[in-house]
Amino acid sequence: MVDRVTVTPDAEAVIERLRGTHGPLMFHQSGGCCDGSAPMCYPEGDFRVGHSDVYLGTVAGCRVFIGAAQFEYWKHTQLTIDVTPGRGSGFSLEAPEGVRFITRSRVFTDAETAELDAAGPAPRADELPAATA
């Protein structure tokens, strides 16, 4: 199965620290407003996903969503959540850590695209069961 979203070991370590402080977490890939295209990390349930948000998958035990319009731009790419030194968004949990989450991407191969197409459309947020802590 092709993953639409992955995470680097460095980002996973930050996620684990944040989970220890904040409990279950989730990500929403920003659509470019205040912080460009940044993956935003929130306590699970603190950011309300809407019916047009697309579920990309789970990384480090965190569900990852993206807005439908942003998904249309990036649906042909695998997104990787990474971390880099610097100050993140005031809205994202890593901001006080002195690091920020970033998204890296690569274009799916033809074989990966065929596999994703065969699996059907990515589910919308309202098609998923509620998160369990």
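Preceding this section is the structure that the text describes.
Residues numbered from 1 in each chain as written. Predicted model: local features only at pLDDT ≥ 70, side-chain atom pairs only at ≥ 80, totals over all residues. Heavy atoms only, no water.

### Overview of the overall build of the protein
Counting its regular elements, the protein contains three helices and seven strands. Secondary structure of the protein in N-to-C order comes out as β-α-β-β-β-β-α-β-β-α. Taking 2.2 N^0.38 as the reference for a compact globule, 133 residues should give roughly 14 Å; the C-alpha atoms of the protein span a radius of gyration of 14 Å, in line with that estimate. Within the protein, the fraction of its 133 residues that count as buried is 45%. (Helix = DSSP H or I, 4+ residues; strand = E, 2+ residues; numbered from the N terminus. Rg over C-alpha atoms; globule rule 2.2 N^0.38 Å. Buried < 20%, exposed > 50% of the residue type's maximum accessible area, 1.4 Å probe, protein only.)

### Re the environment of Gly 57
Its place among the elements puts Gly 57 in strand β4 (residues 54-59). Residues within four places of Gly 57 in sequence aside, it is in contact with Val 5, Cys 62, Arg 63 and Val 64. (Contact = heavy atoms within 4.5 Å.)

### Digging into the sheet that holds strand β5 (residues 62-66)
The strands making up a sheet associate through hydrogen bonds between their backbones, and the pairing can be parallel or antiparallel. Pairing is mixed across the open sheet formed by four strands, whose spatial order is β3-β2-β5-β4. Two strands close off the open sheet at either side, each with one partner strand: β3 (39-43) and β4. Neighbour-to-neighbour, the strand axes of the sheet open up by a mean angle of 25 degrees, direction not taken into account. Pairing of strand β2 (residues 25-29) with β5, which is carried by four bridges, proceeds in the parallel orientation. Paired with Gln 29 across the two strands is Ile 66, which belongs to β5. Strands β2, β3 and β5 of the sheet are contacted by helix α1 (residues 9-22), whose axis makes an angle of about 125 degrees with β2. (Pairing = 2+ DSSP bridges. Axes fitted to C-alpha atoms, helices over the stretch in contact; angles between N-to-C directions.)

### Topic: the pairing of β3
For β3, a buried count of five out of five residues is recorded, marking the element as mostly surrounded by other parts of the structure. By the bridge criterion, five bridges tie β2 to β3 in an arrangement that is antiparallel. For Leu 25, the partnering residue across the bridge sits in β3 and is Pro 43.

### Observations regarding the pattern of salt bridges
This model, assessed by the stated rule, comprises five salt bridges. Among the ionic pairs, Lys 75 bridges to Glu 72, the shortest N-O distance being 2.9 Å. Overall, the relative accessible area of 44% leaves Glu 72 in the partly exposed class. When the shortest N-O distance is used, the salt bridge between Glu 112 and Arg 106 registers 2.7 Å. Judged by its relative accessible area of 17%, Glu 112 is buried. (Salt bridge = Lys/Arg side-chain N within 4 Å of Asp/Glu carboxyl O.)

### Let's talk about α1
An α-helix turns once every 3.6 residues. As a result, residues three or four positions apart point the same way. Across its 14 residues, α1 extends 20 Å between first and last C-alpha, which sits within 8% of the 20 Å expected from 1.5 Å per residue. In this fold, the buried residues of α1 make contact with β1 (5-7), β2, β3, β5, β6 (77-85) and β7 (99-107). One or two steps after α1, the chain reaches Gly 23, where phi turns positive at roughly 85 degrees. (Expected span 1.5 Å × (residues − 1).)

### Examining the packing of aromatic side chains
According to the stated counting rule, one finds three aromatic pairs in the structure shown. Each ring, one from Phe 27 and one from Phe 101, has its centre 5.1 Å from the other, and the planes form 80 degrees; the classification is edge-to-face. Note that Phe 27 is positioned in strand β2 and Phe 101 in strand β7, a separation of 74 residues in sequence. Assessed through its relative accessible area of 2%, Phe 101 is described here as buried. Measuring from ring centre to ring centre gives 5.6 Å for Tyr 55 and Phe 65, while their planes differ by 55 degrees; the resulting arrangement is tilted. Note that Tyr 55 is positioned in strand β4 and Phe 65 in strand β5, a separation of ten residues in sequence. Each member of the pair, Tyr 55 together with Phe 65, is buried. (Phe/Tyr/Trp six-rings, centres within 6.5 Å; stacked < 30°, edge-to-face > 60°.)

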